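Summary of the model geometry
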Amino acid sequence: MATVEFEGLCKRFGPVVAVEDVTLRIEDGEFVVLVGPSGCGKSTTLRMLAGLEPISSGNIKLDGRVVNTLAPKDRDIAMVFQSYALYPHMTVYKNMAFGLKMKGADRATIDRRVRDVAEMLNISALLDRKPRALSGGQRQRVAMGRALVRNPKAFLFDEPLSNLDAALRAQMRVEIKKLHRRLGTTIVYVTHDQIEAMTLADRIVLMKDGKVEQVDSPMAMFERPRTKFVAGFIGTPKMNFLPASLEAGGGGLLLRLSPSVALPIPASRAAIYELYVGKPVELGIRADHLVVGQPDDPASPNFEVLLEVVEPTGTEALAFFTFEGVELSARCSPRDTGLAGKSAAVTIDLDHMHLIDAETSEVVAVPDDGTAPERVVPIEQAERGQRAVR
Amino acid sequence: MSLDYRMILARLLVYGAALVLVTLCGFPLVWMVLTSIKPDQEILSAAPTFWTANPHLGAFERLFETTNFPTYFANSLIVAGSATVLTVFIGALAAYGITRFRFRGRELVAGTMLFTYMFAPIMIVVPFYIVMRNLGLVNSHLGLILSYTTFSLPFSMWLLRSFFQSIPIDLEEAAMVDGASRPQAVIRVILPMAFPGLIAVSIFTFIVAWNDYLFARVLIGSDSLKTLPVGIQDLYESTVTDWGMVMAAGVMITLPALVFFIAVQRYLVAGWGAGAVKG
Ligand SMILES: Nc1ncnc2c1ncn2[C@@H]1O[C@H](COP(=O)(O)OP(=O)(O)OP(=O)(O)O)[C@@H](O)[C@H]1O
Ligand SMILES: [Mg+2]
């Protein structure tokens, strides 16, 4: 049980700045996921917390105590490595017992703890095997078991599921979440997979180029991304971005997407967006709010496009088309798969639009005005969608 | 049918070739052992005999009772044993350092290690003697131990380096997060995994030190400090060469190396394999 604090944390490898000025407070018992594209400094941050990488500047505090130079062994933290890092010359039992042995626990305690945890993770039958005689999934469990046995202040995970197949990954994700519920230990979890981040995290820390881009709950991150990068990173399919401009007209504000398409901005947003009239902006809109088909309300903004591909994902389908030279995706009914190659109307729900200042790449903040929350895409569907997009 | 025949022929050829090799290497050894237990008349008779009707251990008795053989033997054990321990210890530390820490000149050290073997020992023995004399280590076991260590260290480092390189750094880090200090992590995780390498290095060093004649000849003067190869050479200096005794000495020299080798050779084989693939 511990709080973790980073204060202006920096890490440089020679000229390379791997982590830059990260400030973050992780509450006791919180499940925080560091997510971001490859090379953004997630692992480095985690390794600094574990004490495996000396820090260049800033502070790391555990339970309020500065631990900048404390040896890893004295931090009482457990880490699960992407490679699992099981000791090949030891049996599963010995692997799991290692940490307690180092702590000087007596045999009976070690035996009880190892067997309890093995029971909990369903690996009791494997205790006498060597790691090389285990499957990938079993190794993963043993690696987690080794961390759990010690009952540490915090668990660190570095992409623990990336070597598993999709089904096993989904299963382990659920198990990790359950374990956290049960143990209530602080967890810092690194992944580059935004779905893992969305499903596991109490709070997501999205990193880019060594800096923290946004820290928020998964839903807040999804609904109110602060930058274009966050908006594009979180959620599947990827958010649509479209260059646009704002102009006054029709008694309000119009969002011009092409010479022939200009859509009225909802009144609730017009007041905020007014400042951007005439400036280069981008429209960000998720496929969920871009729907193929005529709107129920004929006044809703819509425009005609030529659908190129329609991919059913089960309960619904994704349609892909090019508009003004930009590839976009829209939601449609699975019955509409026959529309591929035909033109259709696409209705856009501007109540859920994001306006991006093209100069700063920041999303223009809209106060939470109580409009209906965005529809949450169920995970399975999101994953299927993600595959479809690739 | 013909296939069977061909396979048998191939087998025969392989085994035949192996037999020739074994005979070539093994015959002198067998002859040495046999000679050491033959009576003197048989050794010196004009028509050599293979088996002897009356084996006896007289030559061994003479070796142990009339010569300084036991002293030479003890000296050899001390020198070769110490050189081995020292080489393995320093070699492991160096290889660990080179594979785990970043420092200026690391690649240079790693790359030039084996250059030291470009010089034949005979070329460096005189400079070596001068160095040792300046250090006051001529005619001492320490001098000899240091020489052998110097000589086997580069190869040992090179071999251990590839072993250490093949051990993922994650393992060590996992151990350290699990509550081990760096030395503990090395002792409990890294060394057990590098064990075949350590064995290979110790065999190499032991045999180099055990068999060396040149350095022992040049660096050691007093009889009480001589190692086996030099000591035995001096058995020839008596007016009449006691061939039985020389052969007995030969047997006694070969035995420890052989026993050591057989005891650990399976690790050695595993060691070469791993080192070769991962290096
Ligand atoms: N030992 C090192 N020496 C030099 N540069 C390094 C070292 N370790 C990491 N870096 C650099 O620091 C940056 C951050 O690396 P890091 O491993 O933290 O990324 P990551 O977010 O974990 O990426 P991934 O998702 O690919 O694991 C990268 O640009 C990387 O090249
Ligand atoms: Mg990483």
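Thresholds, definitions, all that
Residues numbered from 1 in each chain as written. Chains lettered and ligands numbered in written order. Predicted model: local features only at pLDDT ≥ 70, side-chain atom pairs only at ≥ 80, totals over all residues. Heavy atoms only, no water. Helix = DSSP H or I, 4+ residues; strand = E, 2+ residues; numbered from the N terminus. Buried < 20%, exposed > 50% of the residue type's maximum accessible area, 1.4 Å probe, protein only. Contact = heavy atoms within 4.5 Å. Areas by Shrake-Rupley, 256 points an atom, 1.4 Å probe, with all protein chains shown as cover. Lys, Arg positive; Asp, Glu negative; His and termini not counted. Charge placed at Lys NZ, Arg CZ, Asp CG, Glu CD. pLDDT = per-residue confidence, 0-100. Core = buried A, V, L, I, M, F, W, Y, C linked by side-chain atoms within 4.5 Å. Buried area = accessible area lost by both parts, 1.4 Å probe. Salt bridge = Lys/Arg side-chain N within 4 Å of Asp/Glu carboxyl O. Pairing = 2+ DSSP bridges. Axes fitted to C-alpha atoms, helices over the stretch in contact; angles between N-to-C directions. Domains from an automatic or database assignment. Near = heavy atom within 4 Å. Polar contact = N/O pair within 3.5 Å; in protein donor to acceptor, adjacent residues only side chain to side chain. Nonpolar A, V, L, I, M, F, W, Y, C, P; charged D, E, K, R; others polar.

Right, let's get into the overall build of chain A. The helix and strand tally for chain A stands at ten helices and 21 strands. Along the first, second and third principal axes, the C-alpha atoms of chain A reach 80 × 45 × 40 Å. Here chain A holds 390 residues, and the buried ones make up 53% of them. Taking the intrachain contacts of chain A between residues at least 6 apart in sequence as the baseline, contacts between residues at least 24 apart amount to 69%. Of the roughly 16,800 Å² that chain A leaves accessible, carbon and sulfur atoms contribute 51%. Separation between the mean location of the 48 positive side-chain charges and that of the 50 negative ones in chain A comes to 11 Å.

Quick look at the confidence of the model for chain A now. Counting all residues, the mean pLDDT for chain A is 89, and 94% of those residues have values of 70 or more. Considering only residues more than four positions removed or in separate chains, one finds that residues 370–390 of chain A, a stretch of pLDDT under 50, has 37 contacts.

All right, on to the nonpolar core then. Nonpolar side chains in soluble globular proteins tend to be buried together. Grouped together as the largest cluster of nonpolar side chains are 57 residues, with contacts concentrated most on Leu-49 of chain A together with Phe-164 of chain B. Considering every element that reaches this core, the biggest residue donor is helix 9 (residues 182–211) of chain B, with eight residues. Sequence-distant contacts of Leu-49 of chain A, that is, excluding residues within four places in its chain, are made with Val-4, Phe-6, Ile-60, Leu-62, Arg-75, Ile-77, Leu-156 and Val-188 of chain A. Val-33, Leu-127, Val-142 and Leu-200 of chain A belong to the second-largest nonpolar core, a separate cluster that totals 47 residues.

This paragraph deals with the interface of chain A and chain B. Contacts between the two partners involve 22 residues from chain A, matched on the other side by 16 residues from chain B. Between chain A and chain B, the buried area comes to about 1,700 Å², and carbon and sulfur atoms account for 65% of it. Sorting the residues of chain A by area buried against chain B places Lys-73, His-89 and Met-102 of chain A first, and these three jointly supply 32% of that buried surface. At the boundary of chain A with chain B, the tally comes to three salt bridges. Between Arg-47 of chain A and Glu-173 of chain B there is a salt bridge, with the nearest N and O atoms lying 2.7 Å from each other. Mapped by element, the contributors of at least two residues to the side of chain A that touches chain B are helix 1 (42–50), strand 6 (77–80) and helix 2 (92–103) of chain A. It is helix 2 of chain A that contributes the most residues to the side of chain A that touches chain B, four residues altogether.

Let's shift gears to the side chain of Lys-177 of chain A. In this fold, Lys-177 of chain A is placed in helix 5 (residues 166–183). Given a relative accessible area of 14%, Lys-177 of chain A falls into the buried group.

Residue and element names in this part refer to chain A. Taken together, six strands build an open sheet; the order of strands is 6-7-8-3-9-10 and the sheet is mixed. Both edges of this open sheet fall to strand 6 and strand 10 (211–216), since each of them pairs with a single strand only. The mean angle between the axes of side-by-side strands here comes to 15°, regardless of whether they run parallel or antiparallel. With five bridges connecting them, strand 9 (residues 203–208) and strand 10 associate as antiparallel partners. By the bridge assignment for strand 10, Ile-204 is matched with Asp-216.

Take the domain arrangement of chain B next. All names here are of chain B. Domain boundaries assigned for chain B yield domain 1 (1–56) and domain 2 (58–278). Computed from C-alpha coordinates alone, the two centres of domain 1 and domain 2 are separated by 32 Å. Tallying the contact residues gives ten residues for domain 1 and twelve residues for domain 2. For the domain 1 and domain 2 pair, buried surface summed over both sides reaches about 750 Å², with 74% attributable to carbon and sulfur atoms.

With that out of the way, let us pick up unusual backbone geometry. All names here are of chain A. In the segment running from Thr-236 into Pro-237, the intervening peptide bond is cis, with an omega of -10°. Assignment of secondary structure puts Pro-237 in the loop between helix 8 (228–233) and strand 11 (240–249). In this model, Ala-85 sits at a positive phi of 50°, which is unusual for a non-glycine residue.

Once that is clear, we can look at the sheet that holds strand 4 (residues 57–62) of chain A. Residues and elements named next belong to chain A. Strand order in this open sheet of four strands is 2-1-4-5, and the pairing throughout is antiparallel. Every interior strand has two partners, whereas the edge strands, strand 2 (16–26) and strand 5 (65–66), have only one. Where strand 1 (residues 4–13) and strand 4 come together, five bridges link them in antiparallel fashion. Within the sheet, the bridge partner assigned to Val-4 lies in strand 4 and is Leu-62.

This part is about the side chain of Lys-38 of chain B. Here Lys-38 of chain B shows up in the loop between helix 1 (2–36) and helix 2 (40–44). In this structure, Lys-38 of chain B is in contact with Trp-31, Ile-43, Thr-49, Phe-50, Thr-52 and His-56 of chain B, ignoring residues within four places of it in sequence.

What follows concerns the site of ligand 1. All names here are of chain A. As a matter of local geometry, ligand 1 sits amid Phe-13, Ala-18, Ser-38, Gly-39, Cys-40, Gly-41, Lys-42, Ser-43, Thr-44 and Glu-159. Separating an oxygen atom of ligand 1 from a backbone N or O atom of Cys-40 is a distance of 3.2 Å. One nitrogen or oxygen atom from the side chain of Ser-43 is found 2.5 Å from an oxygen atom belonging to ligand 1. Considering each element in turn, the shell around ligand 1 owes the most residues, three residues, to helix 1. Split into classes, the residues belonging to the shell around ligand 1 amount to three nonpolar, five polar and two charged.

Counting across every chain of the model gives 23 salt bridges over all chains. In this structure, the salt-bridge partner of Arg-25 of chain A is Glu-27 of chain A, at a minimum N-O distance of 2.8 Å. Residue classification places Arg-25 of chain A among the partly exposed residues on the basis of a relative accessible area of 38%. With relative accessibility at 35%, the residue Glu-27 of chain A sits in the partly exposed group. For the salt bridge of Asp-178 of chain B with Arg-150 of chain A, the shortest nitrogen-to-oxygen distance reads 3.0 Å. Placement of Asp-178 of chain B in the loop between helix 8 (169–177) and helix 9 and of Arg-150 of chain A in the loop between helix 4 (136–149) and strand 7 (154–158) is noted, with the two residues assigned to different chains. Summarising the burial analysis for this pair, Asp-178 of chain B and Arg-150 of chain A share the class buried. Through salt bridges that share partners, Asp-76, Arg-146 and Arg-150 of chain A together with Asp-178 of chain B make up one connected network.

A few words now on the environment of Pro-55 of chain B. All names here are of chain B. Here Pro-55 shows up in the loop between helix 2 and helix 3 (58–66). For Pro-55, a relative accessible area of 51% puts it in the exposed group. For the pair formed by Pro-55 and Leu-34, sequence separation is 21 residues and the distance between their alpha carbons is 8.5 Å.

The pairing of strand 1 of chain A with strand 2 of chain A spans seven bridges and is antiparallel. By the bridge assignment, Phe-13 of chain A is partnered in strand 2 of chain A with Val-16 of chain A.

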